[in-house]
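# Geometric and topological summary
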Amino acid sequence: MKGNNFGWFFGGRHYDFFATALGFGHSYYEQVARALPLEKGMSVLDLGCGTESVGIAISESLERDVSIHGLDLSGIQLGYAADKGERSGIPLNLYRGSMDMLPFTDKTFDIVVTSVAFCETTSEVRSGAIMEVSRVLKDNGFFAIVDCAKPILGLDTVMMLPFFMFKETADSWNNHYPDLCRESNLILENEAYVKSYVKYQLFRKAD
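Attention in this report is confined to the structure presented alongside it. Being a predicted model, the structure only gives us computed values, none of them experimental. Each residue is numbered by its place in its chain's sequence as written, counting from 1. Two thresholds apply to this predicted model, a pLDDT of at least 70 for residue-level local features and 80 or more for giving and counting side-chain atom pairs, whereas whole-chain, interface and lining totals are computed over all residues. Working from all heavy atoms in the structure, the side-chain values ignore hydrogens and water.

This part covers unusual backbone geometry. The backbone phi angle of Glu 63 is positive, close to 55°, even though this residue is not glycine. Numbered from the N terminus, helices here are DSSP runs of H or I no shorter than four residues, and strands are runs of E no shorter than two. With respect to the helices and strands, the residue Glu 63 is situated in the loop between helix H3 (53-61) and strand E2 (67-72). In this model, Arg 64 sits at a positive phi of 70°, which is unusual for a non-glycine residue. The topology assignment puts Arg 64 in the loop between H3 and E2.

Below, the discussion takes up the environment of Ala 35. Within the secondary structure, Ala 35 sits in helix H2 (residues 26-35). When a residue's accessible area, from a 1.4 Å probe over protein chains only, is under 20% of the maximum for its type it is buried; when over 50% it is exposed; and in between it is partly exposed. For Ala 35, a relative accessible area of 31% gives the class partly exposed. Through-space distance from the C-alpha of Ala 35 to that of Ala 144 is 9.2 Å; in sequence the pair is 109 residues apart.

To get an axis, fit a line to the C-alpha atoms, keeping to the stretch in contact for a helix; angles then go from 0 to 180 degrees between the N-to-C directions. Running from amino to carboxyl end, H2 crosses H3 at an angle of 60°, the nearest separation of the two axes being 8 Å. It follows from the interaxial angle that H2 and H3 lie oblique. Viewed along their axes, H2 and H3 form a crossing whose handedness is right-handed. Touching His 26, Tyr 29, Glu 30 and Ala 33 of H2 are Ser 53, Val 54, Ala 57, Ile 58, Glu 60 and Ser 61, all from H3. In the scheme used here, Gly and all other residues not listed as nonpolar or charged are polar, with Ala, Val, Leu, Ile, Met, Phe, Trp, Tyr, Cys and Pro taken as nonpolar and Asp, Glu, Lys and Arg as charged. Class assignment for the residues of the contact of H2 with H3 results in five nonpolar, three polar and two charged. These descriptions rest on fixed angle ranges, namely under 35 degrees for roughly parallel, over 145 for roughly antiparallel, 65 to 115 for roughly perpendicular, and the rest for oblique. Put simply, a crossing is left-handed when the front helix is turned counterclockwise from the back one by less than a right angle, and right-handed when it is turned clockwise. The contact definition used throughout considers only heavy atoms, calling two residues in contact when any of these lie within 4.5 Å.

A few words now on the packing of aromatic side chains. Stacked, tilted and edge-to-face are the three classes applied to pairs of Phe, Tyr and Trp rings, where Trp contributes its six-membered ring and a pair requires centres within 6.5 Å; stacked means planes under 30 degrees apart, edge-to-face means over 60, and tilted covers the rest. Applying the stated rule across the entire model yields seven aromatic pairs. By way of ring pairs, the aromatic residues Phe 118, Phe 143, Tyr 177 and Phe 203 are connected into one cluster. The rule for a charge over a ring is simple: NZ of Lys or CZ of Arg within 6 Å of the ring centre, and within 35 degrees of the ring normal. Cation over ring: Lys 195 sits above Phe 24, and NZ or CZ is 5.3 Å from the ring centre.

This brings us to the side chain of Asp 100. Residue placement: Asp 100 occurs in the loop between strand E3 (92-96) and strand E4 (109-115). Residue class for Asp 100 comes out buried when judged on its relative accessible area of 17%. At 2.4 Å, the side chain of Asp 100 forms a polar contact with the side chain of Ser 98. Whenever two N or O atoms come within 3.5 Å, that pair is a polar contact, provided that in protein one can donate a hydrogen and the other can accept it, and provided that, for residues adjacent in sequence, both atoms are side-chain atoms.

The buried fraction of strand E1 (residues 43-47) amounts to five of the five residues, a majority that puts the element mostly inside the structure. Burial along E1 is two-sided: the face carrying Ser 43, Leu 45 and Leu 47 and the face carrying Val 44 and Asp 46 are both buried. Pairing between two strands requires that DSSP report at least two bridges joining them. Bridging between E1 and E2 involves five bridges; their strand directions are parallel. When the sheet's bridge partners are listed, Ser 43 is paired in E2 with Ser 67. With its strands directed away from the observer, a crossover is right-handed exactly when the path from the first strand over the helix to the second travels clockwise. The parallel pair E1 and E2 is bridged by H3, and the resulting crossover is right-handed. The pairing of E1 with E4 spans four bridges and is classified as parallel. The residue bridging Leu 47 from the neighbouring strand is Thr 114, located in E4.

What follows is the structure in structure tokens.
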């Protein structure tokens, strides 16, 4: 198993419903988009894109002047993502596959982002994905990991504790990502909590 291959009950429109109920609605994805060092004309890859809410938020923030690519294990997620993109008038380039085996040539993307997707994979897939991200990023490109993390005190932490404990990984709890990324020439530039249990970390690919 490479990760959580969301089936019919938890995938597609059901996924968006549950995600919104858990606090990952449109405002969350807008917050992620605002945190990214975006510029018009960029090429962006979303790993574990699900229904591609991140990519749609990014495209909206740049007035659709961006190339959005999304990769996910689940055909159901990708099918619904395609429908959402069509309804929104946003072109999406969608691929089915695992984030540790990317079907792209070297130095293709300006930014790679993954939002609450690393916690759905194994440690081996996460390590492989980081190496692949370094390969497909342009020099001085950016990699944003948004994932469950050791929580800071907050009411939403208490409310979301069951979900949080189920999704937590040793890599995120112990903040291993800076070390793992450094091994692949990705240097931590900035980090901040976007929720009391979700951390945003921005890495830059060194020359």
